[in-house]
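Coordinates in review
Read off the chains here:
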Amino acid sequence: QENIKAMAESKSPESFPAMIYEFGQQGQSAALLKEWAASLAERRSIPNARGAFIRAAEVDPSDPEPHFFLGLIRMNTGDFSGAIASFEQAVARSPEMGEARSNLGTLYLQAGETQRAVDNLNRALALGSDSSGLRNNLAVIHAKGGRMEEAIREANLALVLDPDNRVARENLINFRRLLEKK
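Procedures and definitions
- Residues numbered from 1 in each chain as written.
- Predicted model: local features only at pLDDT ≥ 70, side-chain atom pairs only at ≥ 80, totals over all residues.
- Heavy atoms only, no water.
- Helix = DSSP H or I, 4+ residues; strand = E, 2+ residues; numbered from the N terminus.
- Buried < 20%, exposed > 50% of the residue type's maximum accessible area, 1.4 Å probe, protein only.
- Contact = heavy atoms within 4.5 Å.
- Areas by Shrake-Rupley, 256 points an atom, 1.4 Å probe, with all protein chains shown as cover.
- Axes fitted to C-alpha atoms, helices over the stretch in contact; angles between N-to-C directions.
- Left-handed = near helix turned anticlockwise from the far one by under 90°.
- Core = buried A, V, L, I, M, F, W, Y, C linked by side-chain atoms within 4.5 Å.
- Phe/Tyr/Trp six-rings, centres within 6.5 Å; stacked < 30°, edge-to-face > 60°.
- Salt bridge = Lys/Arg side-chain N within 4 Å of Asp/Glu carboxyl O.

Within the protein chain one finds 10 helices and 0 strands. Listed by position from the N terminus, the elements making up the protein chain come as α-α-α-α-α-α-α-α-α-α. For the protein chain, the residues scored as buried account for 43% of the 182 residues in total. For the protein chain, contacts bridging at least 24 residues in sequence account for 46% of all contacts bridging at least 6. As displayed, the protein chain offers around 10,100 Å² of accessible surface, 51% of which is attributable to carbon and sulfur atoms.

Take a look at the structure:
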């Protein structure tokens, strides 16, 4: 209880105490750290959650999950380069993580690295990680490349997956206008 209280009260970024584990207990320690991190994230103790995921990755370097969740935290707190690094670590450990690939595609698109974005988004689709946001990102990439018909098709697919996706709806309207001007 005292350790948990100390962790929750910590104010320094990415702080989380190092765990001591017995030989053979590494997996249990990593699982406990991930569980604590998830609990801390739910309670919006983001710096501590980040620290716990970092420690979990240190305890079990082969586990992709801490890297994935670190990527989400970093992406949602504006640390885009850190998020890319974390998602890259996750897919290096588990190339079949479709959601990590989708997030990488989004981040690479924002960074202007179109080919890397396309590669990751298409890989996410191949792995079954389809989403409205992913389809909208592909639509934007097609529009940037002047392929308006494909952009419109992807924007329509985005709206099929989520009819309330305002960004995809606005993009679809804009892509149709641009196509009409040709």
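What follows concerns the packing of helix H7 (residues 114-126) against helix H8 (residues 132-144). The geometry of H7 relative to H8 is characterised by a closest axis approach of 10 Å and an angle of 145° between their N-to-C directions. Crossing of H7 over H8 shows left-handed handedness. Residues Thr-114, Ala-117, Val-118, Leu-121, Asn-122, Ala-124 and Leu-125 of H7 form the contact with H8, whose participating residues are Leu-134, Arg-135, Asn-137, Leu-138 and Ile-141.

Time to look at the nonpolar core. Counting 32 residues, the largest nonpolar core has Phe-68, Phe-87, Ala-100, Leu-104, Leu-107, Ile-141 and Phe-175 as the members making the most contacts within it. When near neighbours in sequence (up to four residues on either side) are disregarded, Leu-104 contacts Ile-84, Phe-87, Glu-88, Val-91 and Asn-120. Judged by nonpolar contacts, the second largest core, of 9 residues, contains Ala-37, Leu-40, Ala-41 and Phe-53.

Counting across every chain of the model gives 3 aromatic pairs. Ring centres of Phe-53 and Phe-69 lie 5.4 Å apart, and the angle between their planes is 20°; this geometry places the pair in the stacked category. Taken together, the positions of Phe-53 in helix H3 (residues 46-59) and Phe-69 in helix H4 (residues 64-76) put the pair 16 residues apart, joining distant regions of the chain. Residue classification places Phe-69 among the partly exposed residues on the basis of a relative accessible area of 33%. Relative to Phe-69, the ring of Phe-68 lies with its centre 5.3 Å away and its plane at 75°, an arrangement referred to as edge-to-face. Judged by its relative accessible area of 7%, Phe-68 falls in the buried class. In this structure an aromatic cluster arises from ring pairing among Phe-53, Phe-68, Phe-69 and Phe-87.

Scanning the model with the defined rule gives 10 salt bridges in all. A salt bridge links Arg-147 to Glu-150, with the shortest nitrogen-to-oxygen separation between them at 3.2 Å. Take Glu-150: its relative accessible area is 30%, and that puts it in the partly exposed class.

Turning our attention to the environment of Val-140. Among the secondary structure elements, Val-140 is positioned in helix H8. The spatial distance from the C-alpha of Val-140 to the C-alpha of Ala-168 is 9.2 Å, given a sequence separation of 28 residues.

Checked against the element boundaries, Leu-138 lands in helix H8. A relative accessible area of 4% places Leu-138 in the buried class. C-alpha of Leu-138 to C-alpha of Leu-109: the two residues are 29 residues apart in sequence and 9.3 Å apart in space. In contact with Leu-138, not counting residues within four places along its chain, are Leu-121, Asn-122, Leu-125 and Glu-154.

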